[in-house]
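Here is what each chain is made of, one letter per residue.
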Amino acid sequence: MTHQITLQNKRILLGVTGGVAAYKAAELARLLCGAGAQVRVVMSGGATAFIAPLTFQALTRQPVATELLDSGQEAVMNHIELARWAEAVLIAPATAHCLAKLRLGLADDLLSTLCLATVAPLLLAPAMNSAMWANPATQENARVLQARGVRLIGPEAGDLACGEVGLGRMAAPEAVVEALAGLWQPGCLAGLSVLVSAGPTREAIDPVRFLSNRSSGKMGYAVAEAARAAGARVCLVSGPTALPPPAVDEYVVVESAAEMMQAVMARAAAHAIYIGAAAVADYAPQQAGPGKIKKTAATLSLELHKTQDILAAVAALPDKPFTVGFAAETHDLENYARAKLSAKNLDMVAANWVGQNLGFDRDENALEVYWPGGHRQLPTAPKPALAADLLRLIAERFAVQTMKN
Ligand code: C5P
């Protein structure tokens, strides 16, 4: 596939850290140059023990930087200029140590300093022994970095240099180039993690009866699938629906608003983007009795209590993901949507009319999307196509916000 990829004149800073897979970075540099990119290589001290800078110099026809305070290199382009020059920073291979440093924001060598100083998107192709990758410390580092918008490519399963077989091998150079090129495809979410909640919730009245709503889950499932198609790692938390499980990385089925709250809150901070597409019950019976309610009384009153707002709770997290809510309205769409945006501290609201043959339990929908200072109309379309448009817009706004932060 790589032969079709163009990176014409894209300025790529290729970071190489010290692992056996460093030899694959030479092929990567060759492919990047072949796709038309301008490539500058920065190597960590460890990397030079595995492969000589001269290899990269010959492949890229550019000087290779290794030292933070190398007077020769600083004269060509100092580390801040290099950080500004890059349109993307790609570290391949990225060792466990590299992930840990980036997570902490350490700046003790040229490459880590550049990563702190750049506003360009950062992509990592991790490579390490499978036990090191599986270690909770590395897993946590990877999750935190992803939640900050860093994109991970791989690792893959296979034979490892240590003689073991497992997850930890650097992604193939062709796959890395493809993921990198995805940065410039509009709406692409390559390497980002997206959490979606969908469907209705059921609030038990007694062991056999419940309160629910007309949500089919179709829009939320389409959003989850569109996010996956755009390259994201997707977790879908779903209330009960009649839909087949979609192709996502994690699928969690819940029943009540309280269960959905728990499932979402346990995962939200580890995701870069949260899209709350579920029709969460606003009120639930005070307490479901242990037995079935008998039809002896002539009238029956149910006392309902307000459920917690999941979307607002996610948006109030200190490490909040880019948070997108939905608003279904029968009138005053813009006012209600904008009020929701500020009241719940959201980054975006996708609003739709309900009750006009649109919205719930339909195959088509239309959205008015609002964010602080902006608005876009996504016209009526089948839900999968509409979801793809919405994801493109989310990716656009997410990129703008990441660059600002
Ligand atoms: O305030 P309203 O219910 O109209 O807002 C709708 C948005 O809030 C949807 O994105 C829905 O998923 C979310 N919501 C929630 N928790 C609730 C109620 C609504 O996350 N308890």
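As shown above, the structure is provided for reference.
Scope of this entry: the structure provided in the associated data block. From a predicted model like this one, the values you see are computed outputs, not experimental measurements.

### Here we look at the sheet that holds strand β19 (residues 374-382)
Next up, step 1: Read across the open sheet, the eight strands follow the order β12-β11-β8-β13-β16-β17-β18-β19; overall the sheet is mixed. The two strands at the open ends of the sheet, each matched to only one other strand, are β12 (250-253) and β19. Taken over all neighbouring pairs, the strand axes of this sheet differ in orientation by 15° on average, direction set aside.
Next up, step 2: Where strand β8 (residues 193-198) meets strand β11 (residues 233-238), six bridges bridge the pair, whose relative direction is parallel. Along β11, the bridge assignment pairs V196 with L236.

### Notes on the environment of V254
Next up, step 1: Looking at where V254 falls in the secondary structure, it is placed in the loop between β12 and α11 (257-267).
Next up, step 2: Residue class for V254 comes out buried when judged on its relative accessible area of 7%.
Next up, step 3: Taking the C-alpha atoms as reference points, V254 and G239, 15 residues apart in sequence, are found 5.1 Å from one another.
Next up, step 4: Setting aside anything within four residues of it in sequence, one finds V254 in contact with V237, S238, G239, P240, E259, M260 and A263.

### Concerning the pairing of strand β1 (residues 11-16)
Next up, step 1: Most of β1 sits out of view: five of its six residues are buried.
Next up, step 2: Pairing of β1 with strand β2 (residues 38-43), which is carried by six bridges, proceeds in the parallel orientation. In the strand pairing of β2, R11 is matched with Q38.
Next up, step 3: Of the pairings in the sheet, the one linking β1 to strand β3 (residues 88-94) comprises four bridges and is parallel in character. What sits directly across from L14, in β3, is L90.

### Here's the deal with the packing of aromatic side chains
Next up, step 1: Taken as a whole and assessed by the stated rule, the structure comprises two aromatic pairs.
Next up, step 2: Ring centres 6.0 Å apart and planes at 80° place the aromatic pair F322 and F398 in the edge-to-face group. Taken together, the residues F322 in strand β16 (residues 322-329) and F398 in helix α14 (residues 383-404) connect sequence positions 76 residues apart.
Next up, step 3: Residue classification places F322 among the buried residues on the basis of a relative accessible area of 4%.
Next up, step 4: The cationic tip of R40 hangs over the ring face of W85; the distance from NZ or CZ to the ring centre is 5.9 Å.

Thresholds, definitions, all that
Residues numbered from 1 in each chain as written. Predicted model: local features only at pLDDT ≥ 70, side-chain atom pairs only at ≥ 80, totals over all residues. Heavy atoms only, no water. Pairing = 2+ DSSP bridges. Helix = DSSP H or I, 4+ residues; strand = E, 2+ residues; numbered from the N terminus. Axes fitted to C-alpha atoms, helices over the stretch in contact; angles between N-to-C directions. Buried < 20%, exposed > 50% of the residue type's maximum accessible area, 1.4 Å probe, protein only. Contact = heavy atoms within 4.5 Å. Phe/Tyr/Trp six-rings, centres within 6.5 Å; stacked < 30°, edge-to-face > 60°. Lys NZ or Arg CZ within 6 Å of the ring centre and 35° of its normal.

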